[in-house]
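Read off the chains here:
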Amino acid sequence: MTPENKGTAQLTTAMVLSGTLGVFVVQSGASPFNVVFFRVLFGALALGSYVVARGWLRGHGFTPRTLGLAVLGGVFIVFNWVLLFQSYENTSISVATVVYHTQPFYVVLLGALLFRERLTAARVGWVGVAFAGLVLVSGVTPGDLAHGGSYVVGIGQALLAALLYGLSTLVTKRITGVRPHLIALVQVVVGIPLLLPFADFGAMSGTGAGWGWLVGLGLIHTGLMYVLMYAAYAELPTAKIAVLAFVYPAVAMVMDWAVYGHHIGLVQALGVPLIVTASLRVTLPRTRAAAPAPETAGRAPEAASRPATPTACEA
């Protein structure tokens with residue numbers, strides 16, 4: 001198996017796992033704040049064990065500046081998860097996931113607004129196409145907006161979650177010379193004290209089998225999934241990463257239908273290809289020939305790392 005084929009298999013597996021995340025969240029029966037607290041707790045144990053086993057704490061590469069950026073990115077990513085999981089409750093896994101997948105457009109818009117990154121007319125046009133698709137997928141009518149309700153709140157939560165993810169991406173893109181596993185570890189560790197005041201431990205007394213789902217979120221969807229993704233990024237061109245990212249929402253929609261019988265309507269379905277096409281046009285390199293992904297710190301410790309919240313939009 002060639003390195004690129006191995007990377008493709010790893011990233012596909014990671015995106016399939018990401019697509020099952022919504023089922024784990026719902027089946028746990030815990031509140032969004034409790035779900036995220038135990039996800040970061042078990043995730044920190046999983047990632048921490050992996051990092052220690054690989055001996056990566058020595059020569060970690062953090063400076064006070066980059067460590068501060070990693071912590072800030074962790075604040076954004078943790079509350080992004082809380083909002084996304086709240087959106088599952090108010091809409092559905094399918095709708096929340098597709099709306100959440102507008103993350104690349106926030107990265108483009110925020111990069112132009114905050115860091116004066118170049119924003120072409122073509123990119124502005126594709127962002128417009130994506131938000132037209134978003135309107136269709138959301139299924140929200142002017143009447144819904146006038147009367148509010150939990151569904152509209154859920155759409156707003158998914159959009160705000162995507163915004164926080166975009167902010168985390170922009171912050172972590174500015175961290176270089178640090179392995180992405182270490183950045184992700186800092187981000188989940190930050191979530192433990194951050195969410196501790198919001199966690200309701202009394203509500204966990206009757207969780208029972210739900211603990212298995214919570215442990216799975218930490219070990220599978222944070223530990224294993226991140227390790228697979230970062231290994232794949234070292235081998236794959238950006239174009240392939242962008243395309244494989246759409247395995248995640250596709251699997252999430254299938255799981256939502258198979259487990260809970262939820263599916264989006266015909267008009268909503270028309271918005272999905274608009275978001276997918278626009279996302280690819282915004283994310284893919286401008287040249288026809290995709291350049292190989294840069295070496296990550298996994299291969300050379302001195303190399304710049306991939307961001308811990310990469311183009312492939314994992315939850």
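Residues numbered from 1 in each chain as written. Predicted model: local features only at pLDDT ≥ 70, side-chain atom pairs only at ≥ 80, totals over all residues. Heavy atoms only, no water.

1. Observations concerning the overall build of the chain
Point 1. In terms of helices and strands, the chain carries 14 helices and zero strands.
Point 2. Put simply, the chain runs from its N terminus to its C terminus through helices and strands in the order α-α-α-α-α-α-α-α-α-α-α-α-α-α.
Point 3. Looking at the chain residue by residue over its 315 residues, the buried ones come to 53%.
Point 4. Taking the contacts inside the chain whose residues are at least 6 apart along the sequence as the reference set, 89% of them involve residues at least 24 apart. (Helix = DSSP H or I, 4+ residues; strand = E, 2+ residues; numbered from the N terminus. Buried < 20%, exposed > 50% of the residue type's maximum accessible area, 1.4 Å probe, protein only. Contact = heavy atoms within 4.5 Å.)

2. Some words on the environment of N5
Point 1. When you line up the elements, N5 lands in helix 1 (residues 3-19).
Point 2. The spatial distance from the C-alpha of N5 to the C-alpha of E235 is 8.6 Å, given a sequence separation of 230 residues.

3. A look at the pattern of salt bridges
Point 1. Per the stated rule, a full pass over the model turns up one salt bridge.
Point 2. The salt bridge involving E4 is made with K240; its shortest N-O contact spans 3.1 Å. Placement of the pair is E4 in helix 1 and K240 in helix 12 (residues 238-244), with a sequence separation of 236 residues.
Point 3. The exposure class of K240 is partly exposed, given its relative accessible area of 28%. (Salt bridge = Lys/Arg side-chain N within 4 Å of Asp/Glu carboxyl O.)

4. Considerations on the packing of aromatic side chains
Point 1. The full count for this structure, using the stated rule, is 15 aromatic pairs.
Point 2. Cluster of aromatic residues (ring-pair linked, three or more members): F37, F38, F42, F201 and W211. (Phe/Tyr/Trp six-rings, centres within 6.5 Å; stacked < 30°, edge-to-face > 60°.)

5. Topic: the confidence of the model for the chain
Point 1. Averaged over all residues, the pLDDT of the chain is 86; the fraction at 70 or higher stands at 88%.
Point 2. Residue range residues 288-305 is modelled with pLDDT below 50. Its contacts to residues more than four positions away, or to other chains, number 36 contacts. (pLDDT = per-residue confidence, 0-100.)

6. Observations concerning the nonpolar core
Point 1. Counting 72 residues, the largest nonpolar core has L11, L84, F85 and Y88 as the members making the most contacts within it.
Point 2. Top contributing element to this core by residue count: helix 4 (residues 64-90), with 11 residues.
Point 3. The residues contacting L84, other than those within four sequence positions of it, are A96, Y100, A161, Y248 and A315. (Core = buried A, V, L, I, M, F, W, Y, C linked by side-chain atoms within 4.5 Å.)

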